[in-house]
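Now for the letters of each chain:
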Amino acid sequence: MKFELGRCLLNERLMEAGKSAEWLARELLFKPERVYDYIENKRVMPLKVAISAADTIGCDVRALYELIPNQA
């Protein structure tokens with residue numbers, strides 16, 4: 001089955017973990033603006049970044065975005 005990416009759920013996963021976007025940026029050696037761009041859906045996380053973010057937060061990589069089934 002194919003999926004479309006819905007909105008980014010990074011902020012929700014960070015809140016569940018009790019962490020901030022600034023914390024994640026420091027852990028991944030990114031500028032906080034980059035993490036906020038992901039949270040605000042201004043950028044889509046590349047797979048490599050999503051895997052690193054999920055591992056750092058302690059969640060499954062698929063939990064970082066809404067996944068919308070594409071029937072077409």
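Just above, that's the structure.
Per-chain numbering applies: the sequence of each chain, read as written, is numbered from 1 onward. In view of the model being predicted, local features appear only for residues whose pLDDT reaches at least 70, and side-chain atom pairs are presented and counted only at 80 or more, with totals across whole chains, interfaces and linings using the full set of residues. Each side-chain value is worked out from all heavy atoms of the structure, with water and hydrogens disregarded.

A. Helix H2 (residues 21-28), seen in detail. When H2 is considered as a whole, its buried residues turn out to be Ala21, Trp23, Leu24, Ala25 and Leu28. In this structure, the buried side of H2 is in contact with helix H1 (10-17), helix H3 (32-39) and helix H4 (47-57). Secondary structure is summarised from DSSP: a helix means a run of H or I of at least four residues, a strand means a run of E of at least two, and numbering begins at the N terminus for each. Downstream of H2 by one or two residues, Leu29 has phi in the positive range, about 60°. Buried, partly exposed and exposed residues are distinguished by accessible area as a fraction of the type maximum, computed with a 1.4 Å probe on protein chains only: under 20%, between the cut-offs, and over 50%, respectively. Contacts are residue-level and defined by heavy atoms, with any inter-residue pair within 4.5 Å sufficient.

B. Structural detail: the packing of aromatic side chains. Pairs were defined over the aromatic rings of Phe, Tyr and Trp, the Trp ring being its six-membered one, requiring ring centres within 6.5 Å. Orientation was assigned from the angle between planes: stacked under 30 degrees, edge-to-face over 60, tilted for the rest. With the rule as written, the count across this model stands at zero aromatic pairs. For a lysine, the NZ atom is tested; for an arginine, the CZ atom; a charge sits over a ring if that atom is within 6 Å of the ring centre and within 35 degrees of the ring normal. Positioned above the aromatic ring of Phe30 is the side chain of Arg34, whose terminal nitrogen or guanidinium carbon lies 3.8 Å from the ring centre. Sitting over the face of the ring of Phe3, Arg62 holds its NZ or CZ atom 5.8 Å from the ring centroid.

C. Region of the structure containing the nonpolar core. Formed by 20 residues in total, the largest nonpolar core has its most connected members in Leu10, Leu14, Leu24, Val35, Met45 and Leu64. Aside from chain neighbours lying at most four places away, what touches Leu64 is Arg7, Cys8, Leu9, Leu10, Arg13, Met45, Ala50, Ala53, Ala54 and Cys59. Put simply, a nonpolar core is a bunch of buried Ala, Val, Leu, Ile, Met, Phe, Trp, Tyr and Cys residues held in one set by side-chain atoms that sit within 4.5 Å of each other.

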